[in-house]
Amino acid sequence: MNPPTLQSRTLLLLLTVVTLAFGAILWPLNGAIFWGVVLAILFTPLHRRLQRRMPRRRNLAALATLGVCLVIVILPVTLIGASLVQEASVAYERARSGQLNFGAYLQQVLAALPPWMLELLDRFHLTTRAELQARLTTIGAQASQFLATKALDVGQNTLQFVVSFGVMLYLLFFLLRDGARLAARIREAIPLDARHKEQLAIKFTTVIRATVKGNIVVAAAQGALGGLIFWLLNIQGPVMWGVLMAFLSLLPAVGASLIWGPVAIYFLATGAPGQAVILTAYGVFVIGLVDNVLRPVLVGKDTKLPDYVVLISTLGGMALFGLTGFVIGPMIAALFIATWDLFAPHDGAGHS
């Protein structure tokens, strides 16, 4: 007979192998699965309320919740994405034809710099004026091609997007309908104390809800406000620039200023000080205020993470996982802290 220890080790090895194999099978659809789980967690409270009103119609409650999700989340994102692809296509064609040339814009800025600033650059041996101009021209040209090409790629992988979108909706329906039972089974299978499992589950769902709702609200607000001022100042492609500001706003503190800041400098250097002042004041006191006010309230308060942990985990998560990293990074950081808290004494316990 096989000893119990050998059976346990064999079972653990088998569990590890099949789990890794299953993860490898799911990995090509990791984005669709991840966002299906995230949306299910976000809309579970709504589904529960609908379920209480129609207790014998589980499928209808899940479909109704899915419909609400489509109307308030997925449909607006799809419409904005379509506008983004259209404007990105125009920007890409203008960049190819030379009509949109960031290198030329940077040359205009350099030409408008006062002599003392150019002398300061030479004095600190940062570079010569000619080298700086050549480098900035090259960087500007590459940046214009890169931004336009990356934005255009959104519309080129249509089949992959449709498949992933369908998988996400299909999974979301079943997670809404059967998510509670699935979560209970997972909690039963985890070999931890019931109190510890409850604490980790609460932390996991709280971080996802706070991070997604907080960051998306901040990103949407900053992107909309940035696109609005670009439209009012008659800057071409306000939707594209608004989406870029929304994406960059996921980086706390600096975020959207990486877009409106250079534009304000360009206005100032090319003889439009009024537009430069308007854009700078709007960026600091309107767009920046959204980040400074909403993000700590929506993200830091619920996750109970320090601001510096939110910043570092967001940057690291996005570096490793791309766009989804703005959720995964703070989630891992919160679970890391929560897991170590299980071993830390509380309220003076463990001290003699």
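Quick note: structure is the one above.
Keep in mind that this is a model prediction, so the values were computed, not measured.

## Describing the overall build of the chain
Move 1: Scanning the chain for helices and strands turns up 13 helices and zero strands.
Move 2: In sequence order, the secondary structure elements of the chain are arranged as α-α-α-α-α-α-α-α-α-α-α-α-α.
Move 3: Relative to its 352 residues, the chain shows a buried fraction of 33%.
Move 4: Partitioning the contacts of the chain with sequence separation of at least 6, the portion at a separation of at least 24 is 71%.
Move 5: Just so you have it, the chain exposes about 21700 Å², and 69% of that area is on carbon and sulfur atoms.

## Re a positive patch on the surface
Move 1: A cluster of like positive charges, contributed by Arg 48, Arg 49, Arg 52 and Arg 53, occupies part of the molecular surface.
Move 2: For Arg 49, the location among the structural elements is in helix 2 (residues 30-53).

## Here's the deal with the packing of helix 8 (residues 194-232) against helix 9 (residues 238-248)
Move 1: Where helix 8 meets helix 9, the closest approach of the two axes is 7 Å, and the angle between their N-to-C directions is 150°. As the angle between them shows, helix 8 and helix 9 are arranged roughly antiparallel. In the crossing of helix 8 with helix 9, the sense of the turn from one axis to the other is right-handed. Here Ala 219, Gly 223, Gly 226, Gly 227, Phe 230 and Trp 231 of helix 8 come into contact with helix 9, specifically with Pro 238, Trp 241, Gly 242, Met 245 and Ala 246.

## Focus on the side chain of Ser 313
Move 1: Tracing the sequence through the fold places Ser 313 in helix 12 (residues 307-321).
Move 2: For Ser 313, a relative accessible area of 11% gives the class buried.

## A few points about helix 8
Move 1: Taking 1.5 Å as the rise per residue, helix 8 with 39 residues should run 57 Å; its terminal C-alpha atoms sit 56 Å apart, in good agreement.
Move 2: One side-chain oxygen of the residue at the start of helix 8 lies 2.9 Å from the amide nitrogen of Arg 195, identifying that residue as Asp 193.

## Brief notes about the pattern of salt bridges
Move 1: According to the stated counting rule, one finds three salt bridges in the structure shown.
Move 2: Residues Asp 178 and Arg 177 are paired through a salt bridge, measuring 3.0 Å at the closest nitrogen-oxygen approach.
Move 3: Of the charged contacts in the structure, one is a salt bridge between Asp 178 and Arg 181, with a shortest N-O distance of 2.9 Å. Taken together, the positions of Asp 178 and Arg 181, both in helix 7 (residues 158-189) and three residues apart, correspond to about one turn of that helix.
Move 4: Owing to a relative accessible area of 17%, Asp 178 belongs among the buried residues under this scheme.
Move 5: Within the structure, one salt-bridge network assembled from shared partners comprises Arg 58, Arg 177, Asp 178 and Arg 181.

## Let's talk about the packing of aromatic side chains
Any aromatic ring pair is given by two values, namely how distant the centres are and how the planes are angled relative to each other.
Move 1: All told, the structure shown has four aromatic pairs when counted by the stated rule.
Move 2: Between Tyr 170 and Phe 174 the ring centres are 4.9 Å apart and the planes differ by 65°, which places this aromatic pair in the edge-to-face class. In this pair, Tyr 170 and Phe 174 are both assigned in helix 7, four residues apart and thus about one turn of the helix distant.
Move 3: By relative accessible area, Tyr 170 is classed as exposed at 58%.
Move 4: Given the relative accessible area of 28%, Phe 174 is considered partly exposed.

Cut-off values and rules
Residues numbered from 1 in each chain as written. Predicted model: local features only at pLDDT ≥ 70, side-chain atom pairs only at ≥ 80, totals over all residues. Heavy atoms only, no water. Helix = DSSP H or I, 4+ residues; strand = E, 2+ residues; numbered from the N terminus. Buried < 20%, exposed > 50% of the residue type's maximum accessible area, 1.4 Å probe, protein only. Contact = heavy atoms within 4.5 Å. Areas by Shrake-Rupley, 256 points an atom, 1.4 Å probe, with all protein chains shown as cover. Patch = residues over 30% accessible without salt bridge, like charges linked within 9 Å, V, L, I, M, F, W, Y side chains within 5 Å. Salt bridge = Lys/Arg side-chain N within 4 Å of Asp/Glu carboxyl O. Lys, Arg positive; Asp, Glu negative; His and termini not counted. Charge placed at Lys NZ, Arg CZ, Asp CG, Glu CD. Axes fitted to C-alpha atoms, helices over the stretch in contact; angles between N-to-C directions. Parallel < 35°, antiparallel > 145°, perpendicular 65-115°, else oblique. Left-handed = near helix turned anticlockwise from the far one by under 90°. Expected span 1.5 Å × (residues − 1). Polar contact = N/O pair within 3.5 Å; in protein donor to acceptor, adjacent residues only side chain to side chain. Phe/Tyr/Trp six-rings, centres within 6.5 Å; stacked < 30°, edge-to-face > 60°.

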